[in-house]
Amino acid sequence: MDLNCTINNINDIDILFRTLDGIKTDYSLNQIDLILFDNTNNDLESICKIFENTNLQGLKLSTFEILTATLYPKHVNLKEKWETAKENNPLISKFFDDDDTKIVLKTINLVNPKFSDKTKTKVFSCKRADMLKLTSHDIENFWDDSIKYLEQALGFLKGECGLLKRGFLPFQTILPPMAAALYNLEKSTKGPDKGKGLKIIQSWYWHSVFTQRYDSASDSRSAADIAELKKCIENKKPLTTTQNFQFDQEILNEVYSLSSAIYKGLICLLVQHGAVDFYKNVEIKTLDLSNEDIEDHHIFPRAYLESKNVPKPRRNNIINKTLIDARTNESIGKNPPSVYFKTIGSKAIEKILRTHKLGVDRTSSILQDNFDSFFEERKLKFKEMIDECISE
């Protein structure tokens, strides 16, 4: 049980101890630990650390929970605002759960940079200490915009970057700076310049994915990136890091887990480039994956490669994966490509395979069941696809 009270005089102390005696009696407690601290500086982060270090259950207060409690007396109901946001924004409801509320708070910080006495300028920051300083004024003035542009960011990723479900989002931490960039784009550009700004944001996004920029230190990177994106959008110039970018294709040799941003990014790129569903013969990006049994599956089946003594990381590599529906995957079984391509049944099979960056002419390595040559050929196609999406 947590009991909060403010002690201003001796009468408050008397009331506190009488309250504690009542609690001991009601709950048959032998002892109540009491922590007193001076909060004249209103240092919420220090208060949280005291709580986290002393509570017996090892609970950690989330930033959202702290702000919910501290802002409620000021007539700001964050939980109610969050529930309303989920009800009114289908993509936020689809891609976020209740543990993701800090994404909104980070976005508020990035669309509303604070003035720094040290630098004499507005500074972007979305670290925990900065989120804890959010005021009722910040929430009232920037909550709705932050929700609006987070929904737009998810819509942009779905419509322009091939994102179909939460599990294929390379980083959730990239959403606050992207939402803030879209916010700044709306405020500073009109007409054709808006299209140029979207291209800048898209190139930055893909560059971040394939350099795995948001794998660590995401708060610092978010602050640095939104500052640079804001300048580039206003000046109508691409980021220097995306110009003449060349992806090192050998990095792909080590990409074999869905936890990798590069793995997820390539799945999304295949979707965006028009990968067609093997069973329905329609572009996968037109389907609702929540109603479809489509997952990332092996092109050369695991069992087949295992029989050829191909190491597990290599046979599970993203180069040997694509989106395949359950019915087609079941028909593949343990057969090599030269066998199962003949049994899939679609008259447009060659066209479909090309949309998955798979060569299907008579001399192609995949039809000869030459895994090593196939691996190198598709690796090069993936590199070309990555370079193209960043340099646009």
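Scope of this entry: the structure provided in the associated data block.

1. Comments concerning the layout of surface pockets
Okay, so step 1: Space inside the second largest pocket adds up to approximately 550 Å³.
Okay, so step 2: Forming the boundary of the second largest pocket are 22 residues, of which Ser62, Thr63, Asp99, Thr101 and Lys102 lie nearest the centre.
Okay, so step 3: For the lining of the second largest pocket, the secondary structure elements donating two or more residues are helix 3 (63-71), helix 4 (78-88), helix 6 (102-111), helix 7 (128-131) and helix 11 (218-235).

2. Things to note about the packing of helix 3 against helix 4
Okay, so step 1: Between helix 3 and helix 4, the shortest axis-to-axis distance is 8 Å and the interhelical angle comes to 120°. Relative to helix 4, the element helix 3 is oriented oblique. Two secondary-structure elements touch here, helix 3 through Phe64, Leu67, Thr68 and Leu71 and helix 4 through Leu78, Lys79 and Trp82.
Okay, so step 2: Here the contact of helix 3 with helix 4 is composed, by residue class, of five nonpolar, one polar and one charged.

3. Things to note about the environment of isoleucine 284
Okay, so step 1: Following the sequence through the fold, isoleucine 284 ends up in the loop between helix 12 (261-272) and strand 3 (294-298).
Okay, so step 2: Apart from the residues within four sequence positions on either side, isoleucine 284 is in contact with Leu164, Val271, Ala275, Val276, Asp277, Leu289, Leu323 and His356.

4. Observations regarding helix 10 (residues 192-210)
Okay, so step 1: For helix 10, with 19 residues, the first-to-last C-alpha span of 28 Å sits near the 27 Å given by 1.5 Å per residue.
Okay, so step 2: Within helix 10 the residues assigned to the buried category are Gly197, Ile200, Ile201, Gln202, Ser203, Trp204, Tyr205, Trp206, His207, Ser208, Val209 and Phe210.
Okay, so step 3: Those residues of helix 10 hidden inside the fold are in contact with helix 8 (136-160), helix 9 (175-188), helix 11, helix 12 and helix 18 (371-391).
Okay, so step 4: Backbone geometry just downstream of helix 10 places glutamine 212 in the positive-phi region, at approximately 55°.

5. Re the nonpolar core
Okay, so step 1: Counting 106 residues, the largest nonpolar core has Trp206, Phe210 and Leu266 as the members making the most contacts within it.
Okay, so step 2: Per-element accounting of this core gives the leading share, 10 residues, to helix 8.

6. Let's talk about the pairing of strand 4 (residues 321-325)
Each regular strand displays side chains that alternate between the two surfaces of the sheet.
Okay, so step 1: Of all five residues in strand 4, five are buried; the element is thus mostly enclosed.
Okay, so step 2: Sheet topology places strand 3 next to strand 4; five bridges connect them, and they run antiparallel. Across the sheet, isoleucine 294 pairs through a bridge with aspartate 325, a residue of strand 4.

7. With respect to the packing of helix 6 against helix 9
Okay, so step 1: For the pair helix 6 and helix 9, the least separation of the axes is 8 Å and the interaxial angle reads 40°. Taken together, helix 6 and helix 9 sit at an angle that is classed as oblique. Once helix 6 is placed against helix 9, the crossing between them reads as right-handed. Facing helix 6, whose interface residues are Ile103, Lys106, Thr107, Leu110 and Val111, helix 9 presents Leu175, Pro176, Pro177, Ala179, Ala180 and Tyr183.

8. Here we look at the side chain of asparagine 317
Okay, so step 1: With respect to the helices, strands and loops of the structure, asparagine 317 is situated in the loop between helix 14 (312-315) and strand 4.
Okay, so step 2: For asparagine 317, a relative accessible area of 0% translates into the label buried.
Okay, so step 3: If we skip the residues at most four places from it in the chain, asparagine 317 touches Leu252, Asn253, Glu254, Val255, Tyr256 and Phe375.

9. Let's talk about the packing of aromatic side chains
Okay, so step 1: According to the stated counting rule, one finds 13 aromatic pairs in the structure shown.
Okay, so step 2: With a centroid separation of 6.4 Å and an interplanar angle of 85°, the aromatic rings of tryptophan 204 and tyrosine 214 are classed as edge-to-face. Highlighted residues: tryptophan 204 in helix 10 and tyrosine 214 in the loop between helix 10 and helix 11, separated in sequence by 10 residues.
Okay, so step 3: Accessibility expressed as a relative area gives 3% for tyrosine 214, which makes it buried.
Okay, so step 4: With a centroid separation of 4.8 Å and 80° between ring planes, the pair formed by tyrosine 340 and phenylalanine 341 is classed as edge-to-face. Grouping residues by exposure puts tyrosine 340 and phenylalanine 341 together as buried.
Okay, so step 5: What links up through ring pairs into an aromatic cluster is the set Phe300, Tyr304, Phe371, Phe374 and Phe375.
Okay, so step 6: Cation over ring: lysine 165 sits above phenylalanine 168, and NZ or CZ is 4.9 Å from the ring centre.

What counts and what doesn't
Residues numbered from 1 in each chain as written. Predicted model: local features only at pLDDT ≥ 70, side-chain atom pairs only at ≥ 80, totals over all residues. Heavy atoms only, no water. 1 Å grid on protein atoms, 1.4 Å probe; cavity = no way out; pocket = protein on both sides within 12 Å on 5 of 7 lines; lining within 4 Å. Points joined across faces, edges and corners; volume = space filled by probe spheres on them. Helix = DSSP H or I, 4+ residues; strand = E, 2+ residues; numbered from the N terminus. Axes fitted to C-alpha atoms, helices over the stretch in contact; angles between N-to-C directions. Parallel < 35°, antiparallel > 145°, perpendicular 65-115°, else oblique. Contact = heavy atoms within 4.5 Å. Nonpolar A, V, L, I, M, F, W, Y, C, P; charged D, E, K, R; others polar. Expected span 1.5 Å × (residues − 1). Buried < 20%, exposed > 50% of the residue type's maximum accessible area, 1.4 Å probe, protein only. Core = buried A, V, L, I, M, F, W, Y, C linked by side-chain atoms within 4.5 Å. Pairing = 2+ DSSP bridges. Left-handed = near helix turned anticlockwise from the far one by under 90°. Phe/Tyr/Trp six-rings, centres within 6.5 Å; stacked < 30°, edge-to-face > 60°. Lys NZ or Arg CZ within 6 Å of the ring centre and 35° of its normal.

Just distances and angles here, no functional claims.
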